[in-house]
Amino acid sequence: MLIALLTLYILGSSGTLPLVAMLDRVKESVEKDVAAGPRRTELVDVIGRAEHATKDAMEKRKKTMHELLGLVHTWDAQDGDIQPMLKQLRAETGELQQQMIRYRFELKGKMSREEWEKVFPPKK
């Protein structure tokens, strides 16, 4: 039971699956709400890079999780064996978050306020 909870916590905490869906929605919105031309192409390229970074992070996380679960299932594994893997998972998550923040500002720098509000409607 503890292993199942640990797995759920770690896999559920990355936020990558909702991010993939959000990037798909943003891409569709840019293609619909931004006039065709080189700028729209640039925006779609930024989103494509964000999608690629997310998918790469998911693959990397999957590998790290496989290694971590191998340790967790090992009878002789000690806290000192498991903690570095957890630290690595947190670092991987932080790295993806930083990349997404950079992509966010890159998009913002290429969009007007009106386009931004169409693609990212304000929460009410």
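Residues numbered from 1 in each chain as written. Predicted model: local features only at pLDDT ≥ 70, side-chain atom pairs only at ≥ 80, totals over all residues. Heavy atoms only, no water.

Draft legend 1. Focus on the overall build of the protein. Secondary structure summary: the protein contains five helices and zero strands in total. The order of α-helices and β-strands along the protein, N terminus first, is α-α-α-α-α. Across the 124 residues that make up the protein, the buried fraction comes to 32%. Taking contacts inside the protein between residues at least 6 apart in sequence as the whole, the part at least 24 apart equals 72%. Looking at the protein as shown, the accessible area adds up to about 8500 Å², and 59% of this sits on carbon and sulfur atoms. (Helix = DSSP H or I, 4+ residues; strand = E, 2+ residues; numbered from the N terminus. Buried < 20%, exposed > 50% of the residue type's maximum accessible area, 1.4 Å probe, protein only. Contact = heavy atoms within 4.5 Å. Areas by Shrake-Rupley, 256 points an atom, 1.4 Å probe, with all protein chains shown as cover.)

Draft legend 2. Local environment of helix H4 (residues 79-110). Here H4 is 32 residues long and its end C-alpha atoms lie 47 Å apart, about the 46 Å a rise of 1.5 Å per residue gives. Those residues of H4 lying buried are Ile-82, Met-85, Leu-86, Leu-89, Glu-92, Thr-93, Leu-96, Met-100, Tyr-103 and Leu-107. (Expected span 1.5 Å × (residues − 1).)

Draft legend 3. Here's a closer look at the packing of aromatic side chains. Within the structure shown, the criterion is met by one aromatic pair. A ring pair is formed by Trp-116 and Phe-120, whose centres lie 4.3 Å apart and whose planes are at 40°; its orientation type is tilted. Taking the relative accessible area as the measure of exposure, Trp-116 reaches 19% and is therefore buried. Across from the ring centre of Phe-105, 4.5 Å away, lies the NZ or CZ of Arg-104, which sits over that ring. (Phe/Tyr/Trp six-rings, centres within 6.5 Å; stacked < 30°, edge-to-face > 60°. Lys NZ or Arg CZ within 6 Å of the ring centre and 35° of its normal.)

Draft legend 4. Spatial organisation of the environment of Val-34. Relative to the helices and strands, Val-34 resides in the loop between helix H2 (16-33) and helix H3 (38-72). When the C-alpha positions of Val-34 and Glu-115 are compared, they lie 6.5 Å apart, and in sequence the two are 81 residues distant. Not counting residues within four places of it along the chain, the set of residues in contact with Val-34 comprises Ser-29, Arg-39, Arg-40, Leu-43 and Glu-115.

Draft legend 5. The arrangement of the nonpolar core in detail. Counting 19 residues, the largest nonpolar core has Val-30, Leu-43, Ile-47, Met-100, Tyr-103, Leu-107 and Met-111 as its most contacted members. Those elements giving two or more residues to this core turn out to be H2, H3, H4 and helix H5 (113-119). Residue contributions to this core peak at seven residues, all from H3. Once residues within four sequence positions are removed from consideration, Val-30 is found in contact with Arg-40, Leu-43, Val-44, Ile-47 and Val-119. Formed by nine residues, the second largest nonpolar core is a distinct cluster that contains Leu-68, Met-85, Leu-86 and Leu-89. (Core = buried A, V, L, I, M, F, W, Y, C linked by side-chain atoms within 4.5 Å.)

Draft legend 6. Looking closely at the side chain of Glu-92. Relative to the assigned elements, Glu-92 resides in helix H4. For Glu-92, which is buried and forms no salt bridge, the nearest opposite charge comes from Lys-60, at a distance of 4.9 Å. Setting aside residues up to four positions removed in sequence, Glu-92 forms contacts with Lys-60, Arg-61 and Thr-64. (Lys, Arg positive; Asp, Glu negative; His and termini not counted. Salt bridge = Lys/Arg side-chain N within 4 Å of Asp/Glu carboxyl O.)

Draft legend 7. How the structure looks around the packing of H3 against H4. Between H3 and H4, the least distance of the axes is 10 Å, while the angle of their chain directions is 175°. Regarding the angle of H3 to H4, the classification is roughly antiparallel. Its residues assigned to classes, the contact of H3 with H4 comprises 18 nonpolar, five polar and 11 charged. (Axes fitted to C-alpha atoms, helices over the stretch in contact; angles between N-to-C directions. Parallel < 35°, antiparallel > 145°, perpendicular 65-115°, else oblique. Nonpolar A, V, L, I, M, F, W, Y, C, P; charged D, E, K, R; others polar.)

Draft legend 8. Geometry of the pattern of salt bridges. A full pass over the atoms with the stated rule returns seven salt bridges. Residues Glu-51 and Lys-27 are paired through a salt bridge, measuring 3.7 Å at the closest nitrogen-oxygen approach. Taken as a pair, Glu-51 in helix H3 and Lys-27 in helix H2 lie far apart in primary sequence, 24 residues in all. Take Glu-51: its relative accessible area is 13%, and that puts it in the buried class. In this structure, a network of salt bridges that share partners links the residues Asp-45, Arg-49 and Glu-106.

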